[in-house]
Amino acid sequence: MISAFAASPAQVQPGQSASLTWSVQGATSLSIAGVGSVDGLSSRTVSPGATTTYVLTATNGSGSVTASTTVTVLGAAYPPGLSADTLQVGGVTREFRVYTPANLTSAPKALVFVLHGGGGAGLNIANPGAHPLSVFRNVADQEGFIVVYPGGLPAKDGSPGWDDCRSDNQTSSGADDLGFLNALIERLRAQYGMPVTRVFMAGGSNGAQMTLSYAIAGAGNVGAIATSNGNLPQNPKSGACSAPPPRRLPVLMAHGTADPAMPYAGGCVANLGSDCLRGRVISAEATRNVWLSANGLAAISPVQTVFDANKTDPGPANRFAYAGGSPVEWWRMDAGGHPVSSRIVLVASSPASGPQNRDVEFAEIAWNFFNRSLQAPIAPP
């Protein structure tokens, strides 16, 4: 029924208006969420106070269909603290959180998108002290950037997660997560007037896998990525997921050598039932090598630095820095398990996750890596 629905202009300054226009055939009623009935009309002027996604619903005797379009209000920043928001992508409402430091008095230095893992934590990782990935908020307070926590949809086990490049993951939600992340990044980039070189993505576990997948199969509109305990798939989906990374990109990866959920040597992911329902991954070192090759660093000898600040955790953190125009920084957490490394938010050891490395703060090393890339950013594709 709906052949077109668009906003013009799609970006406005605060206080300005935009025109919503549509083309619909065979509908008995039309409405726009938040606007009301638009029966008999083909356009409507709106003046949003903040970035808004408008959803047009057309109904007849056969049912209803929807279409959406977004009007971005430039410079309309989120208030200090943690804000909850939604975005319509392909007719599906997606949730996300935005953390704005209270002391941010000028334009933010960067946008850092932080992806939760699978298994239940979901958007709760944005809550203070709930997860090592919440520490990005602490770092943002000190460094002056915005943290965005996107939310994955429930997988077949009911827990929020991400549909990354694994073709053999039988528990995946099947959601268009690449499309969601693309739309969310574009929305926030426009809202803050942020270039690609100041947009970064980080994730842990399934969120790390999604971050790697986004860097390979997505639009590539990030300046650098950082991952904790996530490997590339052994059996990737066809198309972009099966191709080499499309461009050189600064990459930081961290992995524990005793990770039972995302095996350091490769194998079945979180294989608690010995059925390999979540698919197989290549090893942490093979994942590193993919990016060394893509960034032209395969022949580079890394500089190793050992960090052993906490003598009670299982082993030291080893940083291997591969210098180049698009550097790779690889962290091997000796005898470390699946939890994201942290000195602030401690995670108890369990058979399913193994012990946490507590020598370094993942959020800090990720931001330091991102911040260095700002000094010599790689041109976007």
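Let me sum up the structure you'll find in this document. (Residues numbered from 1 in each chain as written. Predicted model: local features only at pLDDT ≥ 70, side-chain atom pairs only at ≥ 80, totals over all residues. Heavy atoms only, no water.)

### Concerning the pattern of salt bridges
In step 1: All chains considered together, the criterion is met by 12 salt bridges.
In step 2: The salt bridge partner of arginine 94 is aspartate 177, with a shortest N-O separation of 2.8 Å. Here aspartate 177 lies in helix H2 (residues 177-192) and arginine 94 lies in strand E10 (residues 92-100), a separation of 83 residues in the sequence. Each of the two residues, arginine 94 as well as aspartate 177, counts as buried.
In step 3: Close ionic contact of lysine 311 with aspartate 308 constitutes a salt bridge, the shortest N to O distance being 3.1 Å. (Salt bridge = Lys/Arg side-chain N within 4 Å of Asp/Glu carboxyl O. Helix = DSSP H or I, 4+ residues; strand = E, 2+ residues; numbered from the N terminus. Buried < 20%, exposed > 50% of the residue type's maximum accessible area, 1.4 Å probe, protein only.)

### Comments concerning the sheet that holds strand E3 (residues 18-24)
In step 1: Spatially, the three strands line up as an open sheet ordered E1-E3-E6, and their pairing is antiparallel. Bordering the open sheet on either side are strand E1 (2-8) and strand E6 (43-46), each of which pairs with just one other strand. Neighbouring strand axes in the sheet, compared pairwise and without regard to direction, differ in orientation by 15° on average.
In step 2: Bridge count between E3 and E6: four bridges; the pairing is antiparallel. The residue bridging threonine 21 from the neighbouring strand is serine 43, located in E6. (Pairing = 2+ DSSP bridges. Axes fitted to C-alpha atoms, helices over the stretch in contact; angles between N-to-C directions.)

### Regarding the side chain of arginine 94
In step 1: Exposure remark for arginine 94: the relative accessible area of 2% places this residue in the buried category.
In step 2: A distance of 3.2 Å separates the side chain of arginine 94 from the backbone oxygen of glycine 151, its partner in a polar contact.
In step 3: Residue contacts for arginine 94: discarding those within four places in its chain leaves Asp85, Thr86, Leu87, Gly151, Gly152, Leu153, Trp162, Ala175, Asp176, Asp177 and Phe180. (Polar contact = N/O pair within 3.5 Å; in protein donor to acceptor, adjacent residues only side chain to side chain. Contact = heavy atoms within 4.5 Å.)

### Description of the layout of surface pockets
In step 1: One number sums up the size of the largest pocket: a volume of about 870 Å³.
In step 2: What lines the largest pocket is a set of 45 residues, among which Gly117, Gly118, Gly119, Ser205 and His338 lie closest to the centre.
In step 3: Of all the elements in the fold, those that place two or more residues in the lining of the largest pocket are strand E14 (160-161) and helix H3 (206-217).
In step 4: The residue inventory of the lining of the largest pocket, partitioned by class, reads 21 nonpolar, 20 polar and four charged.
In step 5: Around the second largest pocket, the lining is made up of 13 residues, and of these Ile216, Leu232, Pro236, Cys241 and Ala243 lie nearest the centre.
In step 6: Grouping the amino acids of the lining of the second largest pocket by side-chain chemistry returns 11 nonpolar, two polar and no charged. (1 Å grid on protein atoms, 1.4 Å probe; cavity = no way out; pocket = protein on both sides within 12 Å on 5 of 7 lines; lining within 4 Å. Points joined across faces, edges and corners; volume = space filled by probe spheres on them. Nonpolar A, V, L, I, M, F, W, Y, C, P; charged D, E, K, R; others polar.)

### Points about the nonpolar core
In step 1: Counting 41 residues, the largest nonpolar core has Phe113, Leu188, Met201, Ile225 and Trp291 as the members making the most contacts within it.
In step 2: The element that contributes the greatest number of residues to this core is H2, accounting for six residues.
In step 3: Filtering out sequence-adjacent residues up to four positions away, methionine 201 remains in contact with Phe113, Leu115, Leu181, Ile185, Thr211, Tyr214, Val222, Ala224, Ile225, Ala226 and Phe370.
In step 4: Core analysis: the next-biggest nonpolar cluster, separate from the first, contains 35 residues, Leu133, Val147, Tyr149 and Ala317 among them. (Core = buried A, V, L, I, M, F, W, Y, C linked by side-chain atoms within 4.5 Å.)

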